[in-house]
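Commentary on secondary and tertiary structure
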Amino acid sequence: MSASYVSVPAVAVISGVAALLTGVCWPHLIGVPVRRTQGAALGLVGAAAVAATYFAPAAAMLTWLPAAVAVGVGAVFLIQLLRGTGQAHRLESIVGIISGVLVAALGSGWVAAARLAGTDGDPGLLTVAGSAALAAVAVSLIPLPDRMAAPLGLLVGGLAASLVALVVAGIPWHVAAFSGVVIAAVVMAFRRLALSRNDASNAAGKLALGLAPVLVLGSVVYFLGRLLVS
């Protein structure tokens, strides 16, 4: 998020690298076969989605996002076909890798959000989003059961966003509060996902799990900016 205050090219570079790393590491997170091939496909899809968003017209910055996802899904099925029949964990590979395609491609939303903040939107939304995400992350680190951590995270995220909106001009506090709750919900959902995993992933898998919520938040922030702020 901090790169959004530097320049759009900086956001594009960082988002592209993050999407590439997440794609390459995603097969290690879900533990599927053919990790190098599927990881390369996911990484290329994520990087391509970021590049397409950077060069797309301002009026349709995420136009190529569905196409990138479709290409990634097609590549997943092609890889499974090349594996031949009778291979183990085929269904798990397809479902798990398709989820990785979506996560990697959604990282392009950060580029769209940065471009929106510099043109039609308001850069204050990036500050509001960052404050809500950091507040939710802080709550997620508290060792509480989900029934307590989830509502607390939503409350703190919305409160932090609305308080920041009082300082940042151009963002009504109620819009900021709603945006903060949505962003906090994404963070808390990934907290639940991380805690529900009882297997020990390697370093690559942990990196993918850590980058995944950051990438997903990019598109969430962009759509919130288009719907509520622009």
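Notes on the structure follow.

An ideal rise of 1.5 Å per residue puts 24 Å on 17 residues; helix H6 (residues 124-140) measures up with 24 Å between its terminal C-alpha atoms. With 13 of its 17 residues buried, H6 lies for the most part within the structure.

Another point: the packing of H6 against helix H8 (residues 173-196). The axes of two packed helices give the description: the angle between them and the distance between them. For the pair H6 and H8, interaxial distance at closest approach is 8 Å and the crossing angle is 40 degrees. Of the possible angle classes, the one that applies to H6 and H8 is oblique. For the crossing formed where H6 meets H8, the hand is right-handed. Here Leu-125, Val-128, Ala-129, Ala-132, Ala-133, Ala-136, Val-137, Val-139 and Ser-140 of H6 come into contact with H8, specifically with Ala-176, Ser-179, Gly-180, Ile-183, Ala-184, Val-187, Met-188 and Arg-191. Along the lines of polarity and charge, the residues of the contact of H6 with H8 split into 13 nonpolar, three polar and one charged.

Each aromatic ring pair is summarised here by two numbers: the centre-to-centre distance and the angle between the ring planes. Applying the stated criterion across every chain, the model contains two aromatic pairs. Where Tyr-54 meets Phe-55, the ring centres are 4.9 Å apart and the plane angle is 85 degrees; that geometry is what we call edge-to-face. A relative accessible area of 67% means that Phe-55 is categorised as exposed. Both rings, one in Tyr-222 and one in Phe-223, keep their centres 5.3 Å apart while their planes meet at 65 degrees; by these two values the pair is edge-to-face.

What follows is about the pattern of salt bridges. Under the criterion given, the structure shown has two salt bridges. The partner of Asp-146 in a salt bridge is Arg-191, with the nearest N and O atoms 2.8 Å apart. Residue Asp-146 is located in helix H7 (residues 146-167), and its partner Arg-191 is located in helix H8; the two are separated by 45 residues in the primary sequence. For Asp-146, a relative accessible area of 25% puts it in the partly exposed group. Accessibility expressed as a relative area gives 8% for Arg-191, which makes it buried. Asp-146 is the salt-bridge partner of Arg-192, the closest N and O atoms lying 2.7 Å from each other. Placement of Arg-192 in helix H8 and of Asp-146 in helix H7 is noted, with a sequence separation of 46 residues between them. Residue class for Arg-192 comes out partly exposed when judged on its relative accessible area of 47%.

Procedures and definitions
Residues numbered from 1 in each chain as written. Predicted model: local features only at pLDDT ≥ 70, side-chain atom pairs only at ≥ 80, totals over all residues. Heavy atoms only, no water. Helix = DSSP H or I, 4+ residues; strand = E, 2+ residues; numbered from the N terminus. Expected span 1.5 Å × (residues − 1). Buried < 20%, exposed > 50% of the residue type's maximum accessible area, 1.4 Å probe, protein only. Axes fitted to C-alpha atoms, helices over the stretch in contact; angles between N-to-C directions. Parallel < 35°, antiparallel > 145°, perpendicular 65-115°, else oblique. Left-handed = near helix turned anticlockwise from the far one by under 90°. Contact = heavy atoms within 4.5 Å. Nonpolar A, V, L, I, M, F, W, Y, C, P; charged D, E, K, R; others polar. Phe/Tyr/Trp six-rings, centres within 6.5 Å; stacked < 30°, edge-to-face > 60°. Salt bridge = Lys/Arg side-chain N within 4 Å of Asp/Glu carboxyl O.

No statement about biological role is implied by the geometric values presented.
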